[in-house]
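Residue-level structural notes
Chain residues, written in single-letter form:
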Amino acid sequence: MPNAQFLSMSLTIADLEKVQTSFTDAHLDYKMELVDGKIIVMGLSDYLSGEVIARLVAFLNMWVLPRKLGRVVGSSAGFRLPDGNLRGPDVSFVPAAKMRQAPRSFAKIVPDLMVEVRSSTDNIRPLTEKIKRFLELGTQVGILVDPKNLKVTVYRPSREPMVLSNEDTLTLPELLPGWELSVAEIWPPVFEEHE
C-alpha cells in the first residue's frame, strides 16, 4: 500500500524542481507545471504552434521593448501563483511597474497578459480552464489562439469572451495602448516555391 499513499500525496514546487533536475541530468527536455499538487509533464508543441508562439513573442516585444513597458516571455518561464500552482503560459506579459528586474527563479507574480496556443494534440477545455484560472488570480487579459480553426478568443474578467477571425484586429488597450495586430499576421506565412 505505500504506492497508494504516495499517489495521494500533494507535491510541492520543491518536488517539481527535483524532478526537473533529474530530467535535465538525463538530458530530457520537458515543460512541467505544478497544478493542484500534481506535476503535469508536457511534450513539445507541433511546429506550427511553436511558430505562432514565437511570432506573438516577437510582435509583442517589437512594441514593449522600445517603450520599456515590461517583459514578454515564452512558455519556458514559470510563474508561482497565489494558489500554490506553478504555471507557464505560452506567452506572458508583465508590466515594468510590477517587475523591475527579472528574477533568477520562478516569478512570484501573476502576469497581466497570458496566451495559450492550441497545439494539434490539445483539447480546448483545459486551455480555457487555465485561462479562466489566471483571470481569477489577477490576469487582466487571457488569449486562446487556435491555429486549427484560425480563431483568437480574448478573455477578460467579468466580460464575455470575444472571438476574432482573420478580418479582425487584436488590441490590448488596458495593457498596451496603441498596439494593434491583425489576426491574419499571427499565422505563419506560406512561402512560394523557388525554382
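Look above for the structure.
Predicted model, so just to flag it, every value in this text is computed and none were measured.

1. With respect to the environment of Val183
Relative to the helices and strands, Val183 is located in the segment after strand S12 (180-182). Val183 gets classed as buried once you look at its relative accessible area, which sits at 0%.

2. Regarding helix H4 (residues 124-137)
If you check H4, its first and last C-alpha atoms are 20 Å apart, about what 14 residues at 1.5 Å a residue would give, namely 20 Å. Taken residue by residue, H4 has Leu127, Thr128, Lys130, Ile131, Phe134, Leu135 and Leu137 as its buried positions. Immediately beyond the C-terminal end of H4, within one or two residues, lies Gly138, with a positive phi of roughly 125°.

3. Side note on empty space enclosed by the protein
Throughout the structure, instances matching the rule amount to 1 cavity of 30 Å³ or more. In this structure, the largest cavity occupies an estimated 50 Å³ of space. Around the largest cavity, the lining residues are Leu56, Leu60, Leu113, Val115, Ile143, Leu170, Leu172 and Trp179. Looking at the lining of the largest cavity, the elements with two or more residues in it are helix H3 (47-67) and strand S7 (113-117). When grouped by side-chain class, the residues that make up the lining of the largest cavity number 8 nonpolar, no polar and no charged.

4. A short note on the nonpolar core
As a rule of thumb, soluble globular proteins bury nonpolar side chains together. Counting residues in hydrophobic clusters, the biggest one holds 29 residues, and the most contacted among them are Ile143 and Val145. Secondary-structure elements contributing two or more residues to this core are H3, strand S6 (91-95), S7, strand S8 (141-146) and strand S9 (151-155). With 8 residues, the single largest contributor to this core is H3. Those residues in contact with Ile143 that lie beyond four places of it in its chain are Leu113, Met114, Val115, Glu116, Ile131, Val152, Thr153, Val154, Leu170 and Leu172.

5. Looking at the packing of aromatic side chains
As enumerated under the stated definition, the model contains 0 aromatic pairs in all. Between the NZ or CZ atom of Arg67 and the centre of the ring of Trp63, over which it lies, the distance is 3.4 Å.

6. Remarks on the side chain of Arg55
Counting through the fold element by element, Arg55 comes out in helix H3. With no salt bridge to any partner, buried Arg55 finds its closest opposite charge in Glu185, at an N-O distance of 4.1 Å. Dropping the residues within four chain positions of it, Arg55 is found in contact with Glu185, Ile186, Trp187, Pro188 and Pro189.

7. Side note on the pairing of S7
Along any regular strand, the residues point their side chains to alternate faces of the sheet. Burial runs high along S7: 5 of the 5 residues are buried. Every second residue of S7 is oriented toward a common face, with Leu113, Val115 and Val117 on one face and Met114 and Glu116 on the other, all of them buried. Summarising the sheet, S6 and S7 pair through 3 bridges and their orientation is antiparallel. Across the sheet, the residue bridging to Phe93 is Leu113, located in S7. In terms of strand pairing, S7 meets S8 through 5 bridges, oriented parallel. By the bridge assignment, Glu116 is partnered in S8 with Leu144.

Conventions adopted
Residues numbered from 1 in each chain as written. Predicted model: local features only at pLDDT ≥ 70, side-chain atom pairs only at ≥ 80, totals over all residues. Heavy atoms only, no water. Helix = DSSP H or I, 4+ residues; strand = E, 2+ residues; numbered from the N terminus. Buried < 20%, exposed > 50% of the residue type's maximum accessible area, 1.4 Å probe, protein only. Expected span 1.5 Å × (residues − 1). 1 Å grid on protein atoms, 1.4 Å probe; cavity = no way out; pocket = protein on both sides within 12 Å on 5 of 7 lines; lining within 4 Å. Points joined across faces, edges and corners; volume = space filled by probe spheres on them. Nonpolar A, V, L, I, M, F, W, Y, C, P; charged D, E, K, R; others polar. Core = buried A, V, L, I, M, F, W, Y, C linked by side-chain atoms within 4.5 Å. Contact = heavy atoms within 4.5 Å. Phe/Tyr/Trp six-rings, centres within 6.5 Å; stacked < 30°, edge-to-face > 60°. Lys NZ or Arg CZ within 6 Å of the ring centre and 35° of its normal. Lys, Arg positive; Asp, Glu negative; His and termini not counted. Salt bridge = Lys/Arg side-chain N within 4 Å of Asp/Glu carboxyl O. Pairing = 2+ DSSP bridges.

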